[in-house]
Amino acid sequence: MPAAPSPVPVTGRVVVAGASMGGLRAAEQLRAAGWTGAITVVGDEPHMPYNRPPLSKEVLAGKASFDSLAFTPKAAAADVEWRLGSPVAAARLAERTLDLADGSTLAFDGLVVATGMRPRRLGCPGPTEGRHTVRTLADAQALRDALTRPGVRVVVIGAGFIGCEVAATAVGLGVREVTVVDPLPLPMVGPLGEAPARALLRRHEERGVRFALGTGVAGFEGVGGAEGGEDRVTGVVLSDGRVLPADVVVESVGSVANTEWLDGNRLDLTDGALTDEQLRVGGLPYVVAVGDVARFPNARYDGVPRRVEHWSIPTDTAKHAAKVLTAQLAGFEVCLPAFAPLPTFWSDQHDFRLQSFGAPALGKGDVRVLDGDPDGDRDGDVLFGYHRGGHLVGVVALGGQAAAMGAAKYRAQLLKQPALTA
Amino acid sequence: MKVVVDMNKCQDHGQCVFASPDVFSMDDEGRLLYVSDPDESLRDEVEEAADVCPLQAIRIEA
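Since we're looking at a predicted model, the values are computed, not measured.

Summarise the sheet that holds strand β3 (residues 81–84) of chain A; cite the residues concerned and give the values.
Residue and element names in this part refer to chain A. Taking strand neighbours across the sheet as the criterion, the five strands line up as β3-β2-β1-β7-β19 in an open arrangement whose pairing is parallel. Of all strands in the sheet, those with a lone pairing partner are β3 and β19 (287–289), marking the two edges. For this sheet, the mean inter-axis angle between neighbouring strands, taken without regard to orientation, is 15 degrees. When strand β7 (residues 110–113) meets β19, the two strands line up parallel, connected through three bridges. Opposite Val112, over in β19, you have Val288 as the bridge partner. Strands in contact with helix α8 (residues 312–329) are β1 (13–17), β7 and β19; relative to β19, the strand with the most contacts, it is inclined by about 175 degrees.

Next comes the structure, spelled out in structure tokens:
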């Protein structure tokens, strides 16, 4: 009697494009899902995967070294091949071949898209020196060097997660002039909605952060470069005509998906790599996407595909996508429930934390105070509930550990909530 | 199985408690408590807890 075929081919190679958290988790979860073939992870940065949230906080503040950020890969992933410092330049998915920037090619049986995001830059012309972003370790180290020079004036452009965290860290470092600019009227109003964003604004102002809200940036002023041009930034020109003096500018105006390498494969790359409810890309059984580059429908909510830039997403997507890919490479149909993670995020700013469970952005139209008083005494803990169609879809706590624990009490309820329909 | 949490890194996010409530818990002040030698049958959930720790403070040593 012939031996039964092995359920998973022991030969073959999965290439993971992207060597940050999503790439690492994908490699580990492929092993956990039973993939016994080769795994090669390709990435543009020279470092092994590291944890990025501390870049805008502990690394800027000088409280964390690279060693403390590096992930410890699981033992099961010890045989993974890491090709660092050589990004993928192009993909020919039909031929299952990648071209790397160093000129080599790499054949694959399965592909994990994990190339993440890069900071969006402002299009205005002007000086380049003194303008920073925060995405990589090198970015954070350069910004720390700039912030720790005596007497610097800092302008942060963009009042989102990164902008608010960097402003708070700069004030904590003793920088005396820190101004946050945003065309919207309140910080983090996109993810949080109005009342929580107002409470956040007041806390920042009480701790010394200045704001120029409701105005965009028209350009930069600068002085003397090596060629006599305006190479070093000295000020930020706002669209309302004001000029903010600045020695250091931080551009935290969102991010752009790293998907150019996938061009020419008839994929929907409008905003990240569109996936189906099983994280498959382009209807191909051998390509999945993980992390913040994946634009996936969440079966828990309204079925609208969205990219999610929360820290929890690389791990959640990798776990699901690895099972899907391993099953399909072995020739099985996927019989998993549709991907339906419960999102969660946090943000540490000054001496307080924002802690969220669920999808508050989907319930911004109906925000209720569940606990505390957002307009009351300074520093009181507040818990906000976000509703859609009368149902609780998310909670956000603002304050200390008690507030975060209050939010956590709603997690079980959010998990049990029936799926929203569009 | 031996579990070690670097309490200098831990910032009491509590994600480990959701992933592995048999091993991790919070006291009334929201400070982490954990079982350092949980049963081998709990390995999957402890690995999950280590994965979801925002500070990557949890190590499984054996």
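Got a sec to walk through the side chain of Thr169 of chain A? Specific residues and values, please.
All names here are of chain A. Note that Thr169 resides in helix α5 (residues 161–172). At a separation of 2.8 Å, a polar atom in the side chain of Thr169 contacts the main-chain carbonyl oxygen of Glu165. Excluding anything up to four places from it in sequence, Thr169 contacts Ser56, Lys57, Leu60 and Ala61.

Go over unusual backbone geometry, please, and point to the residues and values.
Residue and element names in this part refer to chain A. In this structure, Met188 takes a positive phi of about 50 degrees despite not being glycine. Relative to the helices and strands, Met188 resides in the loop between β11 (177–182) and α6 (189–192). Among the residues examined, Met188 registers a relative accessible area of 2% and is labelled buried. Despite not being glycine, His350 has its phi angle at roughly 55 degrees, a positive value.

Outline empty space enclosed by the protein, supporting the account with residue identities and numerical values.
If a probe as big as a water molecule is rolled over the atoms, it shows which places are left empty. In the structure shown here, the tally under the stated rule is two cavities of 30 Å³ or more. Of the voids in this model, the largest cavity is the one considered here, and its volume is about 100 Å³. As for the largest cavity, its lining consists of 15 residues, and the residues nearest its centre are Cys10, His13, Gly14, Cys16 and Cys53 of chain B. For the lining of the largest cavity, the class distribution of residues is ten nonpolar, four polar and one charged. Size it by volume and the second largest cavity reaches roughly 60 Å³. Around the second largest cavity, the lining residues are Pro53, Pro54, Lys57, Glu58, Trp346 and Asp348 of chain A together with Gln11, His13, Pro54 and Leu55 of chain B. Of the residues that constitute the lining of the second largest cavity, the class distribution is five nonpolar, two polar and three charged.

Here is what the cut-offs are and how they apply
- Residues numbered from 1 in each chain as written.
- Chains lettered and ligands numbered in written order.
- Predicted model: local features only at pLDDT ≥ 70, side-chain atom pairs only at ≥ 80, totals over all residues.
- Heavy atoms only, no water.
- Pairing = 2+ DSSP bridges.
- Helix = DSSP H or I, 4+ residues; strand = E, 2+ residues; numbered from the N terminus.
- Axes fitted to C-alpha atoms, helices over the stretch in contact; angles between N-to-C directions.
- Contact = heavy atoms within 4.5 Å.
- Polar contact = N/O pair within 3.5 Å; in protein donor to acceptor, adjacent residues only side chain to side chain.
- Buried < 20%, exposed > 50% of the residue type's maximum accessible area, 1.4 Å probe, protein only.
- 1 Å grid on protein atoms, 1.4 Å probe; cavity = no way out; pocket = protein on both sides within 12 Å on 5 of 7 lines; lining within 4 Å.
- Points joined across faces, edges and corners; volume = space filled by probe spheres on them.
- Nonpolar A, V, L, I, M, F, W, Y, C, P; charged D, E, K, R; others polar.

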